[in-house]
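For reference, the chains in residue letters:
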Amino acid sequence: MSMRSPMIRINENYLKLQDSYLFANIAKRVKAYQNAHPKEDIIRMGIGDVTLPLPPACIRAFHQAVDEMAQDTTFRGYGPEQGYAFLREKIAEHDFQARGAQISADEIFVSDGAKCDTGNIQEIFATDIRVGIPDPVYPVYLDTNVMAGRTGEYQDGRYSGITYLDCTRENGYIPDLPDSPVALIYLCFPNNPTGATITKAQLKAWVDYAIDNQALILFDAAYEAFLRDDDLPHSIYEVTGAKEVAIEFRSFSKTAGFTGTRCAYTVVPKQCRAFTASGNPMPVHDLWNRRHTTKFNSVSYPVQRAAEAVYSPEGQNQIRTLTDYYLTNAAYIRQAIQKLGFECVGGKNSPYIWIDGRQDSWKFFDLLLNKAGVVCTPGAGFGRCGQGYIRISAFNSFENVEKAMDRIKAALQ
Ligand code: MLT
């Protein structure tokens, strides 16, 4: 009798994915251009990566914590997987309780990034649920659901099996409630990539939808620190009832310059529930805690101390100055683009400007790279509704932003 060898097989869902992750694809194109034009000074306004250094309060705390790691008496090994109490308590108090949202420290899970958390969270839900994903969207939400097998094949710019929530000029880039039921909903405000913001009433409509339909919202608030209009909600938990139906993601990356340092957190309220196939409600907090303690071993102690310093009075002032700087860039870009006759959204309460380029996104991307030496992000990379748009990120020095806008103006004339 012949025995087949136990062949290693792949997760074929990966074969459904588009060639490469959007930002890796852009980086490859920019590198090829740079190799062909080694003398050209390229201004990067594509990926939203910060350029200003860490705030001095964070650096001081970081150094002190590193010194503690050098002494027998203050050295620390593994930390609690969910994060140190000193950081979780500050987060709960400053980011939620101070805004009237009753979130407690033990509902906060400190992690190494909102990208990782928004990508990993779907693991704790069934693979045959219907998922509602905005279009355009931060690609991590969609790609991780493809990897998990929640979609069919990719055709005409979309995966079958996903309910796409269109964000267009017509609906002010705020998705309408879906016509057919969805169980898991991704929302991100201030939005990446459009820079649009959501009002409390609009957010309440989604929370009510989730309550009525036994659904759950994944609310990505990574850009919350850029909100300046007082009446806009900073957290989904400012909406009554949200604690039962929403998980929120936050990050120190854009808030305090931690893109390279890595620190973020996810809020899973104890009341938040999802259901077994037979309809029994289960606390999502317990599932995420199980996942987090099994697969994650906490953010390093010095990084958590640096993040804690964000909540000191100096830290608060310094992050305000830092985010104000990028918002000044954003306002400048918005104005310059409008002067050139393009319509755009974002750039207020957000570091992203979403521009209707009135032509193919990748063509516009190539034009700006080749003629102006400016890197943007083609809107089509964020989904079918992004076709025709480009995204410009305000994360750069003001000098570079001015230079980039001058060059774009010259290139388009
Ligand atoms: C972006 O450019 O969309 C962001 O930098 C992506 C991220 O934060 O991972």
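Further up the page is the structure itself.
Residues numbered from 1 in each chain as written. Predicted model: local features only at pLDDT ≥ 70, side-chain atom pairs only at ≥ 80, totals over all residues. Heavy atoms only, no water.

Describing the sheet that holds strand β13 (residues 344-346)
Condition: Should DSSP find at least two bridges between two strands, the strands are taken to pair. Counting from the N terminus, the helices are the DSSP runs of H or I reaching at least four residues and the strands are the DSSP runs of E reaching at least two.
Strand order in the open sheet made by the four strands is β13-β14-β17-β16, with antiparallel pairing throughout. Of all strands in the sheet, those bounded by a partner on one side alone are β13 and β16 (377-378). In this sheet, strand β17 (residues 389-393) lies alongside β16 in antiparallel orientation, the contact comprising two bridges. For Thr 377, the partnering residue across the bridge sits in β17 and is Arg 391.

A look at the side chain of Asn 396
Selection criterion: Only protein chains enter the accessibility calculation, which uses a 1.4 Å probe; a residue is then buried when its area is under 20% of its type maximum, exposed when over 50%, and partly exposed in between. Only heavy atoms matter for contacts: two residues are in contact if any of them lie within 4.5 Å across the pair.
For Asn 396, the position within the fold is in the loop between β17 and α13 (398-412). Given the relative accessible area of 7%, Asn 396 is considered buried. When near neighbours in sequence (up to four residues on either side) are disregarded, Asn 396 contacts Ile 43, Arg 44, Met 45, Thr 51, Tyr 325, Tyr 326, Asn 329 and Val 401.

So, the pattern of salt bridges
Note the cut-off: What counts as a salt bridge is simple: a side-chain nitrogen of Lys or Arg found within 4 Å of a carboxyl oxygen of Asp or Glu.
As enumerated under the stated definition, the model contains 19 salt bridges in all. For Arg 291, the salt bridge identified is with Glu 123, shortest N-O distance 3.4 Å. In this pair, Arg 291 is assigned in helix α9 (residues 284-295) and Glu 123 in the loop between α4 (114-120) and β3 (131-135), connecting sequence segments 168 residues apart. Arg 291 sits in the buried class, given a relative accessible area of 13%.

Brief notes about the environment of His 285
Tracing the backbone shows His 285 in helix α9. Sequence separation between His 285 and Gln 271 is 14 residues; the distance between their C-alpha atoms is 8.0 Å. Not counting residues up to four positions away in its chain, the partners in contact with His 285 are Asp 106, Glu 107, Phe 109, Val 268, Pro 269, Lys 270 and Cys 272.

As for the site of the ligand
Rules: Each residue is tested against the molecule or strand, and it is near if at least one of its non-hydrogen atoms lies within 4 Å. Whenever two N or O atoms come within 3.5 Å, that pair is a polar contact, provided that in protein one can donate a hydrogen and the other can accept it, and provided that, for residues adjacent in sequence, both atoms are side-chain atoms. Areas reported as accessible are Shrake-Rupley estimates using a 1.4 Å probe. Residue values count occlusion only from the protein chains shown. Think of it as three bins: nonpolar holds Ala, Val, Leu, Ile, Met, Phe, Trp, Tyr, Cys and Pro, charged holds Asp, Glu, Lys and Arg, and polar takes everything else, Gly as well.
The local shell around the ligand consists of Phe 23, Ile 47, Gly 48, Tyr 138, Asn 192, Tyr 223, Lys 254, Tyr 352 and Arg 391. One nitrogen or oxygen atom from the side chain of Tyr 138 is found 2.5 Å from an oxygen atom belonging to the ligand. With respect to the ligand, the side chain of Arg 391 contributes an N or O atom lying 2.7 Å from an oxygen atom. Coverage of the ligand by the protein chains reaches 85% of its 270 Å² of free accessible surface. Of the residues that constitute the shell around the ligand, the class distribution is five nonpolar, two polar and two charged.

Description of the pairing of strand β9 (residues 246-251)
With six of its six residues buried, β9 lies for the most part within the structure. A two-sided burial pattern is seen for β9, the buried positions comprising Ala 246, Glu 248 and Arg 250 on one face and Ile 247, Phe 249 and Ser 251 on the other. The pairing of strand β8 (residues 216-220) with β9 spans four bridges and is parallel. Paired with Ile 217 across the bridge in β9 is Ala 246.

A word on helix α10 (residues 301-308)
One full turn of an α-helix is made of 3.6 residues, so residues set three or four places apart face in the same direction. In terms of burial, α10 is largely enclosed, as eight of its eight residues are buried. Every buried residue belonging to α10 is among Tyr 301, Pro 302, Val 303, Gln 304, Arg 305, Ala 306, Ala 307 and Glu 308, and all of these are buried. Buried-residue contacts for α10 involve α2 (56-69), α3 (85-96) and β2 (108-111).

Focus on the pairing of β3
For β3, the tally of buried residues reaches five of five residues, placing the bulk of the element in the interior. Here β3 runs beside strand β6 (residues 162-166); their pairing, made up of five bridges, is parallel. Looking across to β6, one finds that Pro 134 is bridged to Leu 165. Both β3 and strand β7 (residues 184-188) contribute to a ladder of two bridges, which runs parallel. Its bridge partner lying in β7, Val 131 is registered against Leu 184.

Some thoughts on α9
The condition is simple: A helix is expected to reach a length of 1.5 Å times the quantity of its residues less one. The directions considered for the arc run from the helix axis to the C-beta atoms.
Given a rise of 1.5 Å per residue, twelve residues ought to cover 16 Å, and the 16 Å separating the end C-alpha atoms of α9 matches this to within 8%. Of the positions making up α9, those classed as buried are Val 284, His 285, Trp 288, Arg 291 and His 292. Angular distribution of buried residues about the axis of α9 spans 130°; they occupy a single face of the element. In this structure, α9 carries Arg 290 and Thr 294 as exposed residues pointing more than 90 degrees from its buried face.

Some points on the nonpolar core
Our working definition: Side-chain atoms within 4.5 Å link the members of a nonpolar core, which is a set of buried Ala, Val, Leu, Ile, Met, Phe, Trp, Tyr and Cys residues.
If you look at the biggest cluster of nonpolar residues, it comprises 54 residues, and the most contacted ones within it are Ile 217, Phe 252 and Phe 258. Aside from chain neighbours lying at most four places away, what touches Ile 217 is Ile 185, Leu 187, Trp 206, Val 207, Ala 210, Ile 236, Val 245, Ala 246 and Ile 247. Leu 22, Val 30, Tyr 33 and Ile 355 belong to the second-largest nonpolar core, a separate cluster that totals 40 residues.

Some remarks on the sheet that holds β9
The following threshold applies: Inter-axis angles, ranging from 0 to 180 degrees, are taken between N-to-C directions of lines fitted to C-alpha atoms, where helices are fitted over the stretch in contact.
Strand order in the open sheet made by the seven strands is β2-β10-β9-β8-β7-β3-β6, with mixed pairing throughout. Of all strands in the sheet, those with a lone pairing partner are β2 and β6, marking the two edges. Averaged over all neighbouring strand pairs, the angle between strand axes comes to 20°, with direction disregarded. Relative to the sheet, helix α5 (residues 139-147) contacts β3, β6, β7 and β8, its axis offset from that of β3 by approximately 145°.

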